[in-house]
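Now for the letters of each chain:
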Amino acid sequence: MAISITSAIYKHEGKIKEIQSNNKDLQENTLTYKGHLFCTTPNCNARLVYVHRTAKASYFRTWQKDDHLHNCIFMFERVENRLGKNTENTLNVEISRSRKKEALNDAYRKSQMTEQDLEEERKRNRDRKKSKKNPKSKGKENSTAVNMVMKDGIQEEEAKTRGHRGPHLLKRNANALTEKDIGKPRLVIGFIKDIEYTEATATITIEKNNSTVYVKFEEVFFANSPEHLGLFHFIEKYMKKNENVILTAIGDVRKPKDNYEVVVYDGEEFRIENMTLITLAARYARKDF
Ligand SMILES: [Zn+2]
C-alpha cells in the first residue's frame, strides 16, 4: 500500500504554494485546483488528484497516468494491467460531452426497443449508408489523431463541417463485452441488480442474459464529480421500487477476475433509466417518486 498523501504543491499560472488536504478552500473549490496539484518531493512532479471524503480525512491520490520518481517516498508499484496503456484511453477523455450524451440517449432508446424494431432500424441504416456511398466516412484511421483535440461541442461542430469524424464510442450490452474491449472505453448497458457504496466508492452490478458486469465508481470519479458524494443511496431506493431499471454507463473496461468491470470517471457519463444521478436525486427531493 502506498503512503497516503496529505500535502501537495499547487502550481498554476506562475503561482506556487503548498496545500494541505484538509484545506477549506480546496474542499470548496475543487475545480480550481484540478490538474494543478503536484507531488511535494523536489523534482518528482507526479500529478495528484484531491479526494474528498466526509467520514474520514481527505487526501491526495496520484494521477492515474503519472508515476512518482523512483526515489520519491510516495513511489509505489502500479498493479500490472489494471488499465493497460492503450491510446484509446486518451481518446475517451477527448470524446466530446455532446457526443457522449447523444450516445447515452441512443443506448437507452435502443434498450427500450424490441429485437424486431432494432432489426428494422439496422436495415434502414444500412440502406441509407448504401445510398450515400460516402468514401470519406470509412477508413482513414490516421485522421482520428486530428480529432483528438476536440474537447467541446463547438469544436466538434467545426470538425464536422470540415468533414472529420470524431472517435467512435462503441456500445455493448453487459453480455456482449469481450477480451478485445479490455482497456478501452465502452458504453455498457444492463439491468441494475445490486448496488454497494461507501462515501468514496460505489459499485453497481448490472446484468443482461445472465452475464454480470460491475460498474465501478472510484476515487477518481468522486474527485472529478464531488457533487455525487452521498447520492448513490437514491439509486438503491429507485431500484427497490422499480423493476428492470436500465443503467447506461461510459467507462474503461477491465477484467481483474471472472467478471468484466467498467470504470466510470465522470458524473455526466452514466444514466439510471436515462436520468443523471443528479436528476434522480432532485426528483426525490421534489417528491416526484
Ligand atoms: Zn512523488
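Just above, that's the structure.
Residues numbered from 1 in each chain as written. Predicted model: local features only at pLDDT ≥ 70, side-chain atom pairs only at ≥ 80, totals over all residues. Heavy atoms only, no water.

Focus on the pairing of strand β11 (residues 260–264)
Then step 1. The element β11 is largely enclosed, with a buried count of 5 among its 5 residues.
Then step 2. Because side chains alternate across β11, one face comprises the buried residues Tyr-260, Val-262 and Val-264, and the other comprises Glu-261 and Val-263, equally buried.
Then step 3. Note: strand β9 (residues 211–217) against β11, 5 bridges, orientation parallel. The residue of β11 that forms the bridge with Val-213 is Tyr-260.
Then step 4. Pairing between strand β10 (residues 246–254) and β11: 3 bridges, direction antiparallel. When the sheet's bridge partners are listed, Asp-252 is paired in β11 with Val-263.
Then step 5. Two successive antiparallel strands, β10 and β11, enclose a turn made up of 5 residues. (Buried < 20%, exposed > 50% of the residue type's maximum accessible area, 1.4 Å probe, protein only. Helix = DSSP H or I, 4+ residues; strand = E, 2+ residues; numbered from the N terminus. Pairing = 2+ DSSP bridges.)

Section: the coordination of the zinc ion
Then step 1. Around the zinc ion, the protein supplies Cys-39 (SG), Cys-44 (SG), His-68 (ND1) and Cys-72 (SG) as donor atoms, at distances of 2.1 to 2.3 Å.
Then step 2. Because the angles between the 4 donor atoms bound to the zinc ion fall within 103 to 121°, the donor set is best described as tetrahedral. (Donors = N, O, S within 2.8 Å, 3.2 Å for Na, K, Ca; no water. Tetrahedral: all angles 85-135°; square planar, octahedral: opposite > 155°, others 65-115°.)

Some points on the sheet that holds strand β1 (residues 7–12)
Then step 1. Strand order in the open sheet made by the 3 strands is β2-β1-β3, with antiparallel pairing throughout. Either end of the sheet is taken by a strand with one partner, and the two such strands are β2 (15–20) and β3 (37–38).
Then step 2. Here β1 runs beside β2; their pairing, made up of 6 bridges, is antiparallel. Residue pairing in the sheet places Lys-11 in a bridge with Ile-16 of β2.

Details of unusual backbone geometry
Then step 1. Here Asn-209, not a glycine, exhibits a phi torsion of approximately 45°, which is positive.
Then step 2. Along the chain, the position of Asn-209 falls in the loop between β8 (202–208) and β9.
Then step 3. Asn-209 gets classed as exposed once you look at its relative accessible area, which sits at 59%.
Then step 4. One non-glycine residue, Lys-287, adopts positive backbone phi at about 60°.
Then step 5. Counting through the fold element by element, Lys-287 comes out in the segment after α10 (277–285).

A short note on the side chain of His-68
Then step 1. Locating His-68 in the fold gives a position in the loop between β5 (59–62) and α3 (87–94).
Then step 2. Side-chain polar atoms of His-68 contact the side chain of Thr-62, separated by 2.8 Å.
Then step 3. Once residues lying within four places of it in the same chain are set aside, the contact partners of His-68 are Ile-5, Cys-39, Cys-44, Ala-46, Leu-48, Thr-62, Phe-74, Met-75 and Phe-76. (Polar contact = N/O pair within 3.5 Å; in protein donor to acceptor, adjacent residues only side chain to side chain. Contact = heavy atoms within 4.5 Å.)

Some details on the nonpolar core
Then step 1. In this structure, Ile-204, Phe-217, Phe-232, Ile-235, Phe-270 and Ile-272 are the most contacted members of the largest nonpolar core, which totals 34 residues.
Then step 2. Residues within four places of Ile-272 in sequence aside, it is in contact with Ile-192, Ile-235, Tyr-238, Val-245, Ile-246, Leu-247, Leu-277 and Leu-280.
Then step 3. In terms of nonpolar packing, the next biggest core, distinct from the first, is built from 15 residues, Ala-8, Leu-26, Tyr-33 and Leu-37 among them. (Core = buried A, V, L, I, M, F, W, Y, C linked by side-chain atoms within 4.5 Å.)

Some points on the pattern of salt bridges
Then step 1. According to the stated counting rule, one finds 20 salt bridges in the structure shown.
Then step 2. Salt-bridge contacts for Asp-181 lead to Arg-172; the nearest nitrogen and oxygen are separated by 3.0 Å.
Then step 3. Taking the relative accessible area as the measure of exposure, Asp-181 reaches 1% and is therefore buried.
Then step 4. Assessed through its relative accessible area of 22%, Arg-172 is described here as partly exposed.
Then step 5. Between Glu-179 and Lys-255 there is a salt bridge, with its nearest N and O atoms 3.4 Å apart. A residue pair is termed long-range when its members are at least 10 positions apart, and Glu-179 in the loop between β6 (170–173) and β7 (185–197) and Lys-255 in the loop between β10 and β11 qualify at 76 residues.
Then step 6. Under the relative-accessibility criterion, Lys-255 is labelled partly exposed at 30%.
Then step 7. Residues participating in the shared-partner salt-bridge network are Asp-106, Arg-109, Lys-110, Glu-121 and Lys-171. (Salt bridge = Lys/Arg side-chain N within 4 Å of Asp/Glu carboxyl O.)

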